[in-house]
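What follows is each chain in one-letter form.
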Amino acid sequence: MASRRKGIRLSWVDCIVFAALIAAAAYVSYRVDSVLEYRWDWSGIPGYLYRWDEDQQRWVANLLMQGLFTTLRLALWGIVLAAVIGVLFGIMRTAGRLFPRMLSRAYVELIRNIPPLVFVFIFYFFISSQVMPLLGVEEYVRNASAGTLAWLEFLFGPPKLIPNVIAGILCLSMFEGAYVTEIVRAGIQAVPKTQAEAGLSVGLSDRQLMRYVILPQAVQRVVPPLAGQFITLVKNSSIVSLISIQELTFLAVETAVSTMRMFEVWITVAALYFGVCFCCALLFNRLERRMAVTGP
Amino acid sequence: MRFPKGPHTPGKVVIEFEGVNKWFGEFHVLKDINLQVRERERVVICGPSGSGKSTLIRCINRLEEHQEGRIVVDGHELGNDPKSAAAIRKEVGMVFPILNLFPLLRVVYNCMRGPSNAGGFSMAEARDRAMEYLARVRIPEQAEKYPGQLSGGQQQRVAIARSLCMQPRIMLFDEPTSALDPEMIKEVLDVMADLAKSGMTMIVVTHEMGFARTVADTMVFMDAGRIVESAPPERFFARPESGRSKLFLSRILSH
Ligand SMILES: Nc1ncnc2c1ncn2[C@@H]1O[C@H](COP(=O)(O)OP(=O)(O)OP(=O)(O)O)[C@@H](O)[C@H]1O
Ligand SMILES: [Mg+2]
């Protein structure tokens, strides 16, 4: 499959559209300037990304970058966990036995029919009061040796915030896991029945059949919708700012309020989110093409 | 070509149908089937489309379940003992009418899945065995390709090798050449003829009457869910007994 790039040739329609876009942008910024009497001032913004620490004599991440790192951690772990949840429940959803099928169905319907915010509030209450003490995260972090602590910091961020971040990860992945479940289910059901028959006829058990024959094909089929869902997950990670998880959106609110530089801060934050999501999209595109090459 | 009929020591009965009936919902697809297949016997089943040929042989490895009567395969009665399906499938290989190799696995891994997962062999042993059978179907050089890179005839030969890797005692073929272009049919039939020569017990659903004539010990003709006629090929082709088989033969042999 040769995908040749189309040459860049501008027609006059392209030119008009382009000019219209520039005019619109200019108009908006003019209105903000004149009507809202907003005085643009970008000078403080870089300082909220990185600041010079006099004590340590080096540059350290300031609020916005700290938030971005937390968001990245949330997104990464969220994706991993949501994928695990999605595959497990997706398989259960197509199981022959009634109980796993019903359990999975109940999970998916429950989450799909509640607004994300409401779910997060309820679930967070449950997590922070029940699950976190059960997991003993706080205690574990407190008693961790220096070596482990360094690893934990790399994986989950500043030790003080680890319980906070883990709660966020659990919320986010439980929520997105439901959508991944549906995607995986669709993928499994799209694998032709003849593949299952071929597997059974060489003596594979149901479990081996799922693991070696059905699931790989299902996953290959659902890479595009899955990529979309993971990017949604990155964006939706901002929801957990409402339960005080100190990620990008949460810290952006603080920064915006304390600096009064509303537009500058939020535009910067938007750019950061865009950068992350766009990189994800490019990554998934490459993955998709790679998988197409090794496939049939 | 005159095919040397196998060493004709008719072995013990390995497949037995006794008064088997099957319904798809209201539709009575298999009607009072009685059939015996002996060790090393080659049975060719033919009949018009929709007569229940596929359903019949799919009952043997339990891809379909019958509702009435007894099916005994290699000493196991199907349906009574829950472990039987997996056990039976290790003894019974099957080649399907459509191309259904595992598309994401290289040819050699297609053949290794069965032995390494269901047969309990190490990967190295499974690979040796896969290569042995790929050589038997005359495509060892394609081992590292993906199924999509092979022609239809090659894919069907890999499918045969994939089944043989489990070293089954019985092989079922459900119109293995029906999805193939004419020039590829012969290479698949040749491999099947080799297999017959080696003494494999085979049940073959096919409309390739040349193949049937040379390889079959027994011709079975089905129509509307019944076995209408069952005879050695010499008699079946020269003097078909029922009107339906006469009509079927005249249609199929006329082109
Ligand atoms: N899963 C099913 N559910 C309902 N009806 C079915 C099912 N499978 C097959 N049938 C019907 O049973 C009848 C016999 O089907 P079968 O596939 O055994 O025929 P066949 O002799 O193999 O035909 P062909 O030569 O076209 O392959 C057909 O009328 C078919 O429509
Ligand atoms: Mg058929």
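Residues numbered from 1 in each chain as written. Chains lettered and ligands numbered in written order. Predicted model: local features only at pLDDT ≥ 70, side-chain atom pairs only at ≥ 80, totals over all residues. Heavy atoms only, no water.

1. Some points on the pattern of salt bridges
Residues and elements named next belong to chain A. The test is simple: Salt bridge, as applied in this entry: a Lys or Arg side-chain nitrogen positioned within 4 Å of an Asp or Glu carboxyl oxygen. Numbering of helices and strands starts at the N terminus; helices are DSSP runs of H or I of at least 4 residues and strands are runs of E of at least 2. Each residue gets one of three labels from its accessible area relative to the maximum for its type: buried under 20%, exposed over 50%, partly exposed in between, using a 1.4 Å probe on protein chains only.
Counted under the stated rule, the structure contains 20 salt bridges over all chains. Glu182 serves as the salt-bridge partner of Arg112, at 3.7 Å between the closest nitrogen and oxygen. Residue Arg112 is found in helix α4 (residues 98–112), and its partner Glu182 is found in helix α8 (residues 162–190); the two are separated by 70 residues along the sequence. According to the relative accessible area criterion, Arg112 is partly exposed, its value standing at 35%.

2. A few points about the interface of chain B and chain A
What counts is decided by this rule: In what follows, residue pairs with any heavy atoms lying within 4.5 Å of each other are defined as contacts. By buried area we mean how much accessible surface two parts lose on assembly, using a 1.4 Å probe and totalling the loss over both. Polar contact is the term for a pair of N or O atoms within 3.5 Å; when the atoms are in protein, one must be able to donate a hydrogen and the other to accept it, and sequence-neighboring residues count only if both atoms are side-chain atoms. Side-chain classes follow a simple rule in which Ala, Val, Leu, Ile, Met, Phe, Trp, Tyr, Cys and Pro form the nonpolar group, Asp, Glu, Lys and Arg form the charged group, and the remainder, Gly included, forms the polar group.
Taken together, the contact between chain B and chain A spans 22 residues of the former and 19 residues of the latter. The junction of chain B with chain A conceals about 1900 Å² of combined surface from both sides, 65% of it contributed by carbon and sulfur atoms. Applying the counting criterion to the chain B and chain A interface returns one salt bridge. Across the contact surface, chain B and chain A share four residue pairs in polar contact (both at pLDDT 80 or more). At the level of elements, α2 (84–91), β6 (92–95) and α3 (107–118) of chain B are the ones that each hand at least two residues to the side of chain B that touches chain A. Element by element, the count of residues in the side of chain B that touches chain A is highest for α3 of chain B, at four residues. Here the residues of the side of chain B that touches chain A sort into 12 nonpolar, five polar and five charged.

3. Observations regarding the sheet that holds β6 of chain B
Residue and element names in this part refer to chain B. This is how the line gets drawn: In this scheme, strands are said to pair when DSSP sees at least two bridges between them. Axes here refer to lines fitted to C-alpha atoms; in helices the fit is confined to the stretch in contact. Angles between the N-to-C directions go from 0 to 180 degrees.
The strand order β6-β7-β8-β3-β9-β10 describes an open sheet built from six strands, whose pairing is mixed. Each having just a single partner strand, β6 and β10 (226–231) make up the two edges of the open sheet. If you compare each strand with its neighbour and ignore which way they point, the axes differ by 15° on average. Pairing between β6 and strand β7 (residues 170–174): four bridges, direction parallel. By the bridge assignment, Met94 is partnered in β7 with Leu172. Strands in contact with helix α5 (residues 152–164) are β6 and β7; relative to β6, the strand with the most contacts, it is inclined by about 170°.

4. Here we look at the pairing of strand β1 (residues 50–53) of chain A
Residue and element names in this part refer to chain A. Of the strand pairs in this sheet, β1 and strand β2 (residues 58–61) are connected by four bridges, and their pairing is antiparallel. Residue pairing across strands places Asp53 opposite Arg58, the latter belonging to β2. Between the antiparallel neighbours β1 and β2 lie four residues, among them Gln57 with a positive phi of about 60°.

5. Re the confidence of the model for chain B
Rule in force here: Per-residue confidence from the predictor is given as pLDDT, running between 0 and 100.
Confidence in the prediction for chain B averages 91 pLDDT; 95% of positions are at 70 or higher. Taken together, the chains of this predicted complex give a pTM of 0.85 and an interface ipTM of 0.91.

6. As for the sheet that holds strand β4 (residues 68–73) of chain B
Residue and element names in this part refer to chain B. Taken in spatial order, the four strands make up an open sheet running β2-β1-β4-β5, and their pairing is antiparallel. Looking at strand neighbours, the two that pair on one side only are β2 (27–38) and β5 (76–77), the edges of this open sheet. Two strands pair when backbone bridges link them, and strand β1 (residues 13–24) and β2 are joined in this way by eight bridges, in the antiparallel orientation. In the sheet register, Trp23 faces β2, and the bridge partner there is His28. Against the sheet, helix α1 (residues 53–60) touches β1, β2 and β4, its axis set at about 125° to β1.

7. Quick word on the packing of aromatic side chains
Applicable threshold: Ring geometry is summarised as follows: Phe, Tyr and Trp rings, the Trp one being its six-membered ring, pair when their centres sit within 6.5 Å, and such pairs are stacked at plane angles under 30 degrees, edge-to-face over 60 and tilted between the two. Any Lys NZ or Arg CZ found within 6 Å of a ring centre and within 35 degrees of that ring's normal is scored as a charge over the ring.
Taken as a whole and assessed by the stated rule, the structure comprises 13 aromatic pairs over all chains. Arranged with centres 5.6 Å apart and planes meeting at 75°, the rings of Trp52 of chain A and Trp59 of chain A form a pair that is edge-to-face. Exposure remark for Trp59 of chain A: the relative accessible area of 56% places this residue in the exposed category. One aromatic cluster is present, formed by Phe119, Phe123, Phe126, Phe175 and Tyr179 of chain A through successive ring pairs. Its end group placed over the ring of Phe121 of chain B, Arg129 of chain B keeps NZ or CZ at 4.2 Å from the ring centre. Here the guanidinium or amino end of Arg213 of chain B rests over the ring plane of Phe237 of chain B, the centre of that ring lying 4.4 Å away.

8. Overview of a nonpolar patch on the surface
Residues and elements named next belong to chain A. Selection criterion: Exposure above 30% relative accessible area and no salt bridge define the residues that can form patches, which grow by joining like charges within 9 Å and nonpolar side chains of Val, Leu, Ile, Met, Phe, Trp and Tyr within 5 Å. Under the convention used here, a 1.4 Å probe and the Shrake-Rupley method define accessible areas, while residue burial counts only the protein chains that appear.
Taken together, the side chains of Leu36, Trp40, Trp42, Val253, Val257, Met262, Phe263, Trp266 and Ile267 define a hydrophobic patch exposed on the protein surface, amounting to about 810 Å² of accessible area. Mapped by element, the contributors of at least two residues to the nonpolar patch are α11 (248–259) and α12 (262–294). In terms of residues, the nonpolar patch owes the most to one element, α12, which gives four residues. For Phe263, the location among the structural elements is in helix α12. Exposure remark for Phe263: the relative accessible area of 33% places this residue in the partly exposed category.

9. With respect to the confidence of the model for chain A
When pLDDT is averaged along chain A, the result is 88, and 96% of the positions lie at 70 or above. Of all the helices and strands in chain A, β2 of chain A carries the lowest mean pLDDT, 83, while helix α9 (residues 193–201) of chain A carries the highest, 95.

10. As for the site of ligand 1
Residue and element names in this part refer to chain B. Definition in use: Proximity is defined per residue: if any heavy atom of the residue lies within 4 Å of a molecule or strand, that residue is considered near it.
Inspection of the region around ligand 1 gives Phe24, Phe27, Val29, Pro48, Ser49, Gly50, Ser51, Gly52, Lys53, Ser54, Thr55 and Glu175 as its neighbouring residues. Gly52 is positioned with one of its backbone polar atoms (N or O) 3.0 Å from an oxygen atom of ligand 1. Between ligand 1 and Ser54 there is a distance of 2.6 Å, counted from an oxygen atom to a side-chain nitrogen or oxygen. For the shell around ligand 1, the secondary-structure elements that each account for two or more residues are β2 and α1. For the shell around ligand 1, the element with the most residues is α1, which contributes three residues. Along the lines of polarity and charge, the residues of the shell around ligand 1 split into four nonpolar, six polar and two charged.

11. Focus: the nonpolar core
So the rule is basically this: To form a nonpolar core, buried Ala, Val, Leu, Ile, Met, Phe, Trp, Tyr and Cys residues must be joined to one another through side-chain atoms within 4.5 Å.
Membership of the largest hydrophobic core comes to 107 residues, with the highest contact counts inside it found for Phe17, Ile45, Ile60 and Ile203 of chain B. In terms of residue count, helix α10 (residues 206–236) of chain A provides more of this core than any other element does, 14 residues in total. Apart from residues lying up to four places away in sequence, Ile45 of chain B is in contact with Lys53, Leu56, Ile57, Ile203, Val204, Val205, Thr206, Val220 and Met222 of chain B. Core analysis: the second largest hydrophobic core is formed by 50 residues, Cys111, Leu150, Ala159 and Val215 of chain B among them.

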